Amino acid sequence: MRRISSGDTRGAHAERSQGLSWCGGVSLGLMVLSLLLTGHLSRVAAQQRPTPHVLSLDDAVALAVQQSPQIKEQQFGVLKRQSQRAQANAARFAQFELTVVGGPSPRARGNQISSPDSKTDPAITGVFGLATFSLVQPLYTFGKIDSLRQAAAHGIAVSQAQVQERATRIALLVHEAYYGYLLARSLENLGSEIGDQLSSTIAKVQRQLEAGAPGVDQVDLFKLQTFQGELAKQLNDIRQGKALALTGLHTLTGLDPAQPIELAETALEPRVYDTVSLEQYVADARHMRPEFTQAREGVKAFEKLVEAAKADYYPVVFLGVFGSLAEATNRDRVKNPFISDRLKDDVVAPVLGLQWKLNLGITAARVDEVAAELGQIQQKHALAEQGIPFQVRQAYLEVQQHQANIAATRQGFRSGRQWLVAAVSNFDLGVGPGKDVADAVVAYAKLRAEYFQAVYNYNLGLARLDHAAGRDVAMVQPLLPPPPAKR
């Protein structure tokens, strides 16, 4: 057996120390490298993660109105009406018409007295060119042109009101999606709060059952677990609604679905809003509601169209210039004013004329057709007179109802919260049964959820009241995209 000397011992100890030092150095290096890589990867992930687009309600409405294809579609209707007015305006001025033709020319030699050629035996030896023109200036149309111009102007007002109507409907959809998301998020937070309370209470009941504590039975546990399962189902529905509201905001605002959205508001709170009298809202609706504008301007437009249709019973008086210019390569020009050569002759004549289309049956039917369309528009106006004030009154009363519901449910859920705190305290102290906690949780959750629903209904009800009264037109009008350019 080899004797181990003290020198050997010191050498082995030194080797072990060096080995431990080396291992410690490697471990420290790996740790530092790991931290550096983790920090780098975190920074890379943060850089790759899209920055959320923070949206206020006003921002969402502005984006939706500016990006909506439906609004842009209606704006082309305005462009169409403007083109019709331009046509009506142009009808007041002189209209020039030119027709140019060319073709083979039969030979015609000689003059008006004699010619070696015959009309019955033409010889095609050349070509001809013929231009006919007319310049007609209407002088009096019995009001037809003026009626068409005024009808087109009222038609533009109708189309502009249709753009406003579509924009206010888009804005109302944005309100629904925006407040719907806030409602879902508030209910989700409430569900998480109730879920934590239930989990804590269930755990305590299970411990007491295992310990055989008095005042606790299996029924309490079953009741709590049943409500916990129902709560989980409700949370699934709430999260689906939340995702749907977020998808609606993406769709309405035209933002990329991959772009995260965060709302500027973090909680669903009642809007601060000063309502005016019901009579004022009804008066505003008659003045600002786009449907009223469409009905009023539509009636005026068709009244003018009826006048324009009746003007067809009468002639059009005009001043004009008519003429033709012709040239042929194989014909001699005839200078006798009593003889005309259609293929080689120049004629220009100023005239004062009268054009009268005596299609009395067709004209009468056309007048009846436009008058029937006028009757339809008048009935739409009458329907607006009846229906829109009713919509305003209904929206006004609903806002009052939702406001009262907010006050009632606020007091209710506060009392329910106190009940829940007392029931949990009694249960913790062993002087209250677990079922009292379950009953308090159900009552508190129900009233708190109804409070959030009342706030949602109130906020959305205010938007609907503004919509019914036409007050939202002033909000969306500055947000409308520029009209399409003429092509």
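Cut-off values and rules
- Residues numbered from 1 in each chain as written.
- Predicted model: local features only at pLDDT ≥ 70, side-chain atom pairs only at ≥ 80, totals over all residues.
- Heavy atoms only, no water.
- Helix = DSSP H or I, 4+ residues; strand = E, 2+ residues; numbered from the N terminus.
- Contact = heavy atoms within 4.5 Å.
- Areas by Shrake-Rupley, 256 points an atom, 1.4 Å probe, with all protein chains shown as cover.
- Pairing = 2+ DSSP bridges.
- Axes fitted to C-alpha atoms, helices over the stretch in contact; angles between N-to-C directions.
- Salt bridge = Lys/Arg side-chain N within 4 Å of Asp/Glu carboxyl O.
- Buried < 20%, exposed > 50% of the residue type's maximum accessible area, 1.4 Å probe, protein only.
- Expected span 1.5 Å × (residues − 1).
- Patch = residues over 30% accessible without salt bridge, like charges linked within 9 Å, V, L, I, M, F, W, Y side chains within 5 Å.
- pLDDT = per-residue confidence, 0-100.
- Phe/Tyr/Trp six-rings, centres within 6.5 Å; stacked < 30°, edge-to-face > 60°.
- Lys NZ or Arg CZ within 6 Å of the ring centre and 35° of its normal.
- Polar contact = N/O pair within 3.5 Å; in protein donor to acceptor, adjacent residues only side chain to side chain.

Visitor: Any chance you could explain the overall build of the protein chain here in plain terms?
Guide: Counting its secondary structure elements, the protein chain contains ten helices and six strands. In the protein chain, of all internal contacts separated by at least 6 residues, the share reaching a separation of at least 24 is 84%. Only carbon and sulfur atoms are counted for the fraction: they give 57% of the accessible area of the protein chain, which is about 28,800 Å².

Visitor: What is the right way to look at unusual backbone geometry in this model?
Guide: With the exception of glycine, the majority of residues adopt a negative phi angle, and the majority of peptide bonds are in the trans configuration. You will see that phenylalanine 142, though not glycine, has its phi angle at about 60°, which is positive. You can see phenylalanine 142 is positioned in the loop between strand E3 (124-140) and helix H4 (144-211).

Visitor: So what exactly am I meant to see when it comes to the sheet that holds strand E6 (residues 346-355) here?
Guide: Hydrogen bonds between backbone groups are what pair the strands of a sheet, and the pairing can be parallel or antiparallel. If you trace the four strands from one edge of the open sheet to the other, you get E2-E3-E5-E6, paired in antiparallel fashion. Every other strand in the sheet has two partners, leaving strand E2 (95-106) and E6 as the edge strands with one partner each. Between one strand axis and the next, the sheet turns by 15° as a mean value, whatever way the strands run. Bridge count for strand E5 (residues 316-328) against E6 is ten bridges, and the pairing is antiparallel. Across the sheet, residue phenylalanine 318 finds its bridge partner in E6, namely glycine 353.

Visitor: Sorry, what's going on with the pattern of salt bridges here?
Guide: Note on pairing: side chains with opposite charge can pair once their charged atoms come close. Scanning the model with the defined rule gives 21 salt bridges in all. A salt bridge links aspartate 117 to arginine 109; the shortest N-O distance between them is 2.9 Å. Look at aspartate 117 and you get buried, because its relative accessible area is 19%. The exposure class of arginine 109 is partly exposed, given its relative accessible area of 36%. For glutamate 188, the salt bridge identified is with arginine 239, shortest N-O distance 3.0 Å.

Visitor: Just to check I follow, could you spell out helix H5 (residues 218-253) for this structure?
Guide: In an α-helix, one turn spans 3.6 residues, which is why side chains three or four residues apart end up on the same side. Helix length check: H5, at 36 residues, gives a terminal C-alpha distance of 53 Å against a target of 52 Å (1.5 Å per residue), a fit within 8%. Within two residues after H5, glycine 254 carries a phi angle of roughly 75°, on the positive side.

Visitor: Is there a simple way to think about a nonpolar patch on the surface in this case?
Guide: Judged by side-chain polarity, Leu139, Tyr140, Phe142, Tyr314, Leu319 and Leu352 come together as a nonpolar surface patch covering roughly 640 Å² of accessible area. Along the chain, leucine 139 falls in strand E3.

Visitor: Quick question: what am I supposed to make of the environment of glycine 229 here?
Guide: Inspection of the secondary structure assignment puts glycine 229 in helix H5. Under the relative-accessibility criterion, glycine 229 is labelled partly exposed at 42%. Taking the C-alpha atoms as reference points, glycine 229 and glycine 195, separated by 34 residues in sequence, lie 9.8 Å from one another.

Visitor: Sorry if this is basic, but what is going on with the confidence of the model for the protein chain here?
Guide: Atomic detail in the predicted coordinates should be set aside for any region of low pLDDT. Summary statistics for the protein chain give a mean pLDDT of 86 and a share of 90% for residues scoring 70 or more. Contacts of residues 1-33 to residues separated by more than four positions or lying in other chains number three contacts, the stretch itself having pLDDT below 50.

Visitor: Just checking my understanding: could you explain the packing of aromatic side chains for this structure?
Guide: Note on aromatic pairs: each is described by the distance of the centres and the angle between the planes. By the definition in use, this model includes seven aromatic pairs. With a centroid separation of 5.0 Å and an interplanar angle of 25°, the aromatic rings of phenylalanine 142 and tyrosine 314 are classed as stacked. Here the residue phenylalanine 142 occupies a position in the loop between E3 and H4, and tyrosine 314 occupies one in the loop between helix H7 (290-310) and E5, the gap between them amounting to 172 residues. Phenylalanine 142 gets classed as partly exposed once you look at its relative accessible area, which sits at 35%. Seen in terms of ring centroids, tyrosine 451 and phenylalanine 452 are 5.7 Å apart; in terms of plane orientation they differ by 55°. Their pairing is tilted. Take tyrosine 451: its relative accessible area is 7%, and that puts it in the buried class. Of the residues examined, phenylalanine 452 reaches a relative accessible area of 7% and is grouped as buried. In this structure an aromatic cluster arises from ring pairing among Tyr140, Phe142 and Tyr314. Over the face of the ring belonging to tyrosine 444 we find arginine 417, whose NZ or CZ atom lies 5.5 Å from the ring centre. When the ring centre of phenylalanine 413 is taken as reference, the NZ or CZ atom of arginine 448 above it lies at 4.3 Å.

Visitor: Looking at this model, I keep getting lost on the environment of glutamine 137. Mind explaining?
Guide: Within the secondary structure, glutamine 137 sits in strand E3. Note on glutamine 137: relative accessible area 25%, which makes it partly exposed. As for glutamine 137 and valine 321, which are separated by 184 residues in sequence, their C-alpha atoms are 9.0 Å apart. Within the structure, glutamine 137 has its side chain in polar contact with the backbone oxygen of arginine 92 (distance 2.8 Å).

Visitor: Where do I start with the side chain of threonine 409 in this structure?
Guide: As for its position among the elements, threonine 409 is in helix H8 (residues 360-429). Owing to a relative accessible area of 10%, threonine 409 belongs among the buried residues under this scheme. A distance of 2.7 Å separates a polar atom in the side chain of threonine 409 from the backbone oxygen of asparagine 405. From its side chain, threonine 409 meets the backbone oxygen of isoleucine 406 in a polar contact 3.3 Å long.

Visitor: Is there a simple way to think about the environment of phenylalanine 227 in this case?
Guide: Its place among the elements puts phenylalanine 227 in helix H5. Considered as a pair, phenylalanine 227 and leucine 198 are 29 residues apart in the sequence and their alpha carbons are 8.5 Å apart. When neighbours within four sequence positions are excluded, phenylalanine 227 is seen to be in contact with Ile194, Leu198, Val441, Val442 and Ala445.

Visitor: Explain helix H2 (residues 57-67) here, please?
Guide: Buried within H2 we find Leu57, Ala60, Val61, Ala62, Leu63, Ala64 and Val65. For H2, the elements touching its buried residues are strand E1 (53-55), helix H3 (69-90), H4, H5 and helix H10 (472-476).

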